[in-house]
Structures are given as C-alpha cells and as structure tokens.
Amino acid sequence: MNEERTFPQLAEDLDRLERITEDWSPEQRSTLTAIRTTIESIQAGAFRSLIKTIKDEPGGLDALKKAVGDPWVHGVLAYHGLVRAPAPTPEALVEQALESVRPMLASHNGNVELVEIVDGTEARIRLEGSCDGCTHSDVTVRQGIETAIKDAVPAIERVKVVNGRRGDALVQLPGVEGSPFARAWQDAGPFDLTEHEIRAVELEEASILLTVAKGQPKAYRNACAHLGMPLDGGAVEDGVLTCPYHGFQFALASGECLTAPSIQLPTYPARVQAGRILVQVTT
Ligand code: FES
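Rules and cut-offs
Residues numbered from 1 in each chain as written. Predicted model: local features only at pLDDT ≥ 70, side-chain atom pairs only at ≥ 80, totals over all residues. Heavy atoms only, no water. Helix = DSSP H or I, 4+ residues; strand = E, 2+ residues; numbered from the N terminus. Buried < 20%, exposed > 50% of the residue type's maximum accessible area, 1.4 Å probe, protein only. Contact = heavy atoms within 4.5 Å. Areas by Shrake-Rupley, 256 points an atom, 1.4 Å probe, with all protein chains shown as cover. Salt bridge = Lys/Arg side-chain N within 4 Å of Asp/Glu carboxyl O. Pairing = 2+ DSSP bridges. Polar contact = N/O pair within 3.5 Å; in protein donor to acceptor, adjacent residues only side chain to side chain. Axes fitted to C-alpha atoms, helices over the stretch in contact; angles between N-to-C directions.

*Asks:* Just to check I follow, could you spell out the overall build of the chain for this structure?
*Replies:* Looking only at helices and strands, one finds six helices and 13 strands in the chain. Residues classed as buried in the chain amount to 37% of the 283 residues present. The long-range fraction of contacts in the chain, counting pairs at least 24 apart against all pairs at least 6 apart in sequence, stands at 48%. With an accessible surface of roughly 16100 Å², the chain has 55% of that area assigned to carbon and sulfur atoms.

Take a look at the structure:
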C-alpha cells in the first residue's frame, strides 16, 4: 500500500517533476502548461460548485469555515483564488511599520523590536543598540516609531518603551547574560551580498533568508507564506522573489507578498557589525 505523502512532500515531488521539464522544448513545455491550466480550471470550477452547494445547506457555512481552517484545504483553495488570505494581525502590521523606520535607526546602529500589544491599545517596544539609552530616545519614539505604529494600527493609543533604560543589557550577545526579553544576535555570515541577492542560512530555531535592500541587510523566515516551502531556490528579478513551488511573489525590500498583498514574510531584526550580518531570531 502506498504511504500517504505529506503536503510539503507532494510539493517537493511537483518541484522535482517540473525540473525534469526544464530541458524540454518550448512546444513541449507549452503543451504541458496548457494541460495543467486546463486541469486547474476544471478543479477550480468543481471547487466553486462544491463551495456553493455546501454554503446553501443549513449549517453549511460553518462547516465550510471549519474545513478552510485546515492548511491543506486553505492552501488549495487559495491557489485557485477561492479564499481570501487571512487579514494581517495587529502584530504583523506593527512589525511592518517598524520595518519602515529600521533603516533610520540602523544608520545610528540602533534597532527597535515589538515586545507585545496590550489590550489592543498599547504597543510595548524595546529599543536596542545605540538607541537604547540614547538621550534622543524619547524624541525618536514620539516622532518616528510612534507615528509609524499608530498609522499602521489606528486602534493603538499608546506606545511605551519597556526595558529601555541606559545600562540594560538589551542587545544580548552570545554568552552574555541580559534581559529575559533579549534574544541573542546570531552571526549569519559575511555581509557580502549584493543588492537583492538571496542566501539561506540555518540559525538556531529557524532557517533564514538573507538579502540586501537599499544597502541594508534583511532577514526573513525562509518559508513561503503560501505553504511554508523554502524560498531560497526562487528566482529574483527587479527586487521580487518568486517562490519556486507555486509562484507566489514577494518584495525583497519589505517581505510583502505581491500575490496575496495582505500577507507578509515574517521578518527578523538584522544589522551589520564588523562586516558580519547579525540576525535576532524572534519567535
Ligand atoms: S509554497 Fe506555494 S507558492 Fe510558495
């Protein structure tokens, strides 16, 4: 009896099969594409009909929502454009906002990290590097970070800096005791990437995709926002990375998914020190 394969294994199978066709002639490849497009159209039509039938049944909508909670079902329906990507969480929106101010902070060897959002109205952040304890921290927070956060999530009324006093060991280097909130900056290799070049590195707890945008290092989780497959085999063109599995596209400058704009690659703080890229793997 055939062993049932997992979704990632099936995606890998598909990738392997697609690689075989790379040497085929253009005619053969366009025939294959036509076959696949036709099959996908048939499947999409069948799924549409199935969804409509289930929705029209009493209690059908609830059953459908439950089914879509399954990652396999969601992945397939999303592939066919039949479900919307989940709305980004306030944490993801704040993270995106912080990403926009990080280049400014990085120019002062500083960084900022979201610690938590309390009651949906208070964002607690932590300043790192030279921003920690800087006499200009209050101004920095009020004028830059706070504005970016509130613009991204209007429900947030207050932005509070926690554990940001001068002398707190907020940047915890390997082997150094620090704040319980601090996470180690891990060495992710030399800062020798060219603009939009990508490289995968395995750090503690995570596989990271490194790149460079506008001269600044960027670190994303090396897992596609579609089905979690690794992104490092993807093609890059004009700052856009295309996932090698099903073609989802991501802006390398921000991690934004261009295929489903409300989702985002998880981003990690990254900086350069002594010619090395340092990444802070947050969960
Ligand atoms: S895993 Fe499907 S597009 Fe990336």
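*Asks:* Could you clarify how one ought to interpret the pattern of salt bridges in this entry?
*Replies:* Opposite charge on two side chains permits them to pair, given that their charged atoms come into close proximity. Summed over all chains, the structure comprises 10 salt bridges. In this structure, the salt-bridge partner of E116 is R124, at a minimum N-O distance of 3.2 Å. The closest approach of N and O atoms between E157 and R158, which form a salt bridge, is 3.5 Å. Residue class for R158 comes out partly exposed when judged on its relative accessible area of 39%.

*Asks:* How should I be thinking about the environment of G45 in this particular structure?
*Replies:* By the element assignment, G45 lies in helix 2 (residues 26-56). Considering only alpha carbons, one finds G45 and H80, 35 residues apart in sequence, at a separation of 9.5 Å.

*Asks:* Please clarify how the pairing of strand 5 (residues 199-203) should be interpreted in this entry.
*Replies:* Residues in a regular strand point their side chains to alternate faces of the sheet. One ladder, built from five bridges, connects strand 5 with strand 6 (residues 206-213); its direction is antiparallel. Within the sheet, the bridge partner assigned to R199 lies in strand 6 and is L210.

*Asks:* Just to check I follow, could you spell out unusual backbone geometry for this structure?
*Replies:* Glycine aside, residues mostly have negative phi angles, and peptide bonds mostly take the trans form. Despite not being glycine, D119 shows a phi value in the positive range, around 55°. Structurally, D119 is set in the loop between strand 1 (110-118) and strand 2 (122-129). The backbone of K214 sits at a positive phi, close to 50°, despite the residue not being glycine. By the element assignment, K214 lies in the loop between strand 6 and strand 7 (216-221).

*Asks:* Explain the pairing of strand 7 to me, please; I cannot follow it from the model alone.
*Replies:* Here strand 6 pairs with strand 7 via six bridges, running antiparallel. Paired with L209 across the two strands is Y220, which belongs to strand 7. Following strand 6, the chain reverses through two residues before pairing antiparallel with strand 7; K214 in that reversal takes a positive phi of roughly 50°. Bridge count for strand 7 against strand 11 (residues 267-268) is two bridges, and the pairing is antiparallel. Note on strand 11: the bridge partner recorded for Y220 is T267.

*Asks:* Is there a simple way to think about the environment of E146 in this case?
*Replies:* Mapped onto the elements, E146 comes out in helix 6 (residues 137-152). Owing to a relative accessible area of 17%, E146 belongs among the buried residues under this scheme. The spacing of E146 and L98 is 48 residues in sequence and 9.3 Å in space, taken between C-alpha atoms. At 2.8 Å, the side chain of E146 and the side chain of K150 are in polar contact.

*Asks:* Help me understand the sheet that holds strand 12 (residues 270-273) in this model?
*Replies:* Spatially, three strands are ordered 4-13-12 in an open sheet, and the strand pairing comes out antiparallel. Only two strands of the sheet have a single partner each, and these edge strands are strand 4 (185-190) and strand 12. Here the strands of the sheet are splayed against their neighbours by 35° on average, with no regard to which way each runs. The pairing of strand 4 with strand 13 (residues 276-280) spans four bridges and is classified as antiparallel. Within the sheet, the bridge partner assigned to P190 lies in strand 13 and is R276.

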